[in-house]
Amino acid sequence: MADKDKRTIVVTGGSRGIGRAICIALAEPDAYIYFNYFSPTDPVAEEAAAAETEKLVTEAGGSATGICVNVASQDEVKNYFEKIINDTKRIDVLVNNAGITKDGLLVRMKEEDWDAVLEINLKAAFRCMQIAAKTMMKQRSGRIVNIASVVGAIGNPGQANYVASKAGLIGLTKTAAKELASRNITVNAVAPGFIETDMTASLTDKVKESMLSQIPLGRAGKPEDVAAAVAFLTSEAAAYLTGQVIHVSGGMYM
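Residues numbered from 1 in each chain as written. Predicted model: local features only at pLDDT ≥ 70, side-chain atom pairs only at ≥ 80, totals over all residues. Heavy atoms only, no water.

## A short note on the overall build of the chain
Regarding its fold elements, the chain presents nine helices and seven strands. Relative to its length of 254 residues, the chain is compact, with a C-alpha radius of gyration of 17 Å against a globular reference of 18 Å. When its C-alpha atoms are laid out on the principal axes, the chain stretches across 55 × 40 × 35 Å. Residues counted as buried form 46% of the 254 residues belonging to the chain. Counted over contacts in the chain with a minimum sequence separation of 6, partners at least 24 positions apart contribute 74%. Looking at the chain as shown, the accessible area adds up to about 12,500 Å², and 53% of this sits on carbon and sulfur atoms. Charge separation in the chain, taken as the distance between the mean sites of 27 positive and 29 negative side-chain charges, equals 6 Å. (Helix = DSSP H or I, 4+ residues; strand = E, 2+ residues; numbered from the N terminus. Rg over C-alpha atoms; globule rule 2.2 N^0.38 Å. Buried < 20%, exposed > 50% of the residue type's maximum accessible area, 1.4 Å probe, protein only. Contact = heavy atoms within 4.5 Å. Areas by Shrake-Rupley, 256 points an atom, 1.4 Å probe, with all protein chains shown as cover. Lys, Arg positive; Asp, Glu negative; His and termini not counted. Charge placed at Lys NZ, Arg CZ, Asp CG, Glu CD.)

Now the structure itself:
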């Protein structure tokens, strides 16, 4: 039976990297954390990673439940949120973190690669926000944080689809903030820069050196740096912030 004094937190893409760090940062005895995970190429490894996130959240003093959900599927997203609402009767925090890349130059980019990135990075966030916002409006309270990217503000060669998805997410954040403010729901975005994750580990040394040369602080960020900003935006201390984009980029964008 749900404890009405506990917050219900939903994080998309929580099995590793930034998503895992967010789950850990939001772990507390007075919160239920639900996160999704999905990998069409290596589901066994992804399930193991999700189990590790659950374990780390427990060690941090909270509780987490990982559920295999493809956020590109409208039906799976609907069922995911229905389960959460049936379990806890509320949604207090939504963090849209799930994202993919399929890089390529604009003139060579396959249309299916464009569609796949926009589907996961932008449309899935829209789906989750639409469902969660309806519950938050009834509660007259809620926090939504979208994980954008510094490239959504400055652009990046070879990432037309990814940049467009993150720029779109920033616009969606600002519009939703204006629409939902009257119901005491804040909507903000965190825009990471060059962060040490599985996604960036696959970059060549030349690309990494180029990225680091653009960072005034002279180093890559860690997932925990991003998670700290999310933790702030979902706290009572940030009750008067909405429609904002916090760039966690070491000064890459000012």
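What follows picks up the thread again.
## A closer look at the packing of helix α4 (residues 111–139) against helix α6 (residues 160–180)
At a minimum axis separation of 8 Å, α4 and α6 run at an interaxial angle of 15 degrees. By the angle between their axes, α4 is roughly parallel relative to α6. Remark: the crossing between α4 and α6 carries right-handed chirality. In this structure, α4 contributes Asp-113, Trp-114, Val-117, Leu-118, Asn-121, Leu-122, Ala-125, Phe-126, Met-129, Ala-133 and Met-137 to the contact, and α6 contributes Ala-160, Asn-161, Tyr-162, Ala-164, Ser-165, Lys-166, Gly-168, Leu-169, Leu-172, Ala-176 and Leu-180. In terms of residue class, the contact of α4 with α6 is built from 16 nonpolar, four polar and two charged. (Axes fitted to C-alpha atoms, helices over the stretch in contact; angles between N-to-C directions. Parallel < 35°, antiparallel > 145°, perpendicular 65-115°, else oblique. Left-handed = near helix turned anticlockwise from the far one by under 90°. Nonpolar A, V, L, I, M, F, W, Y, C, P; charged D, E, K, R; others polar.)

## Details of the nonpolar core
The biggest cluster of nonpolar side chains holds 28 residues, and the ones touching the most others in it are Ile-22, Ile-33, Val-95 and Val-190. The set of elements that each furnish at least two residues to this core consists of β1 (7–11), α1 (17–25), β2 (31–37), α2 (43–59), β4 (93–96), β5 (142–147) and α9 (223–233). If you tally residues by element for this core, the top one is α9, at five residues. Here Ile-22 is in contact with Val-11, Val-95, Asn-97, Ile-147, Ala-227 and Val-230, once residues within four sequence places are set aside. One finds Val-71, Val-77, Ala-132 and Ala-133 within the second-largest nonpolar core, a separate group that totals 26 residues. (Core = buried A, V, L, I, M, F, W, Y, C linked by side-chain atoms within 4.5 Å.)

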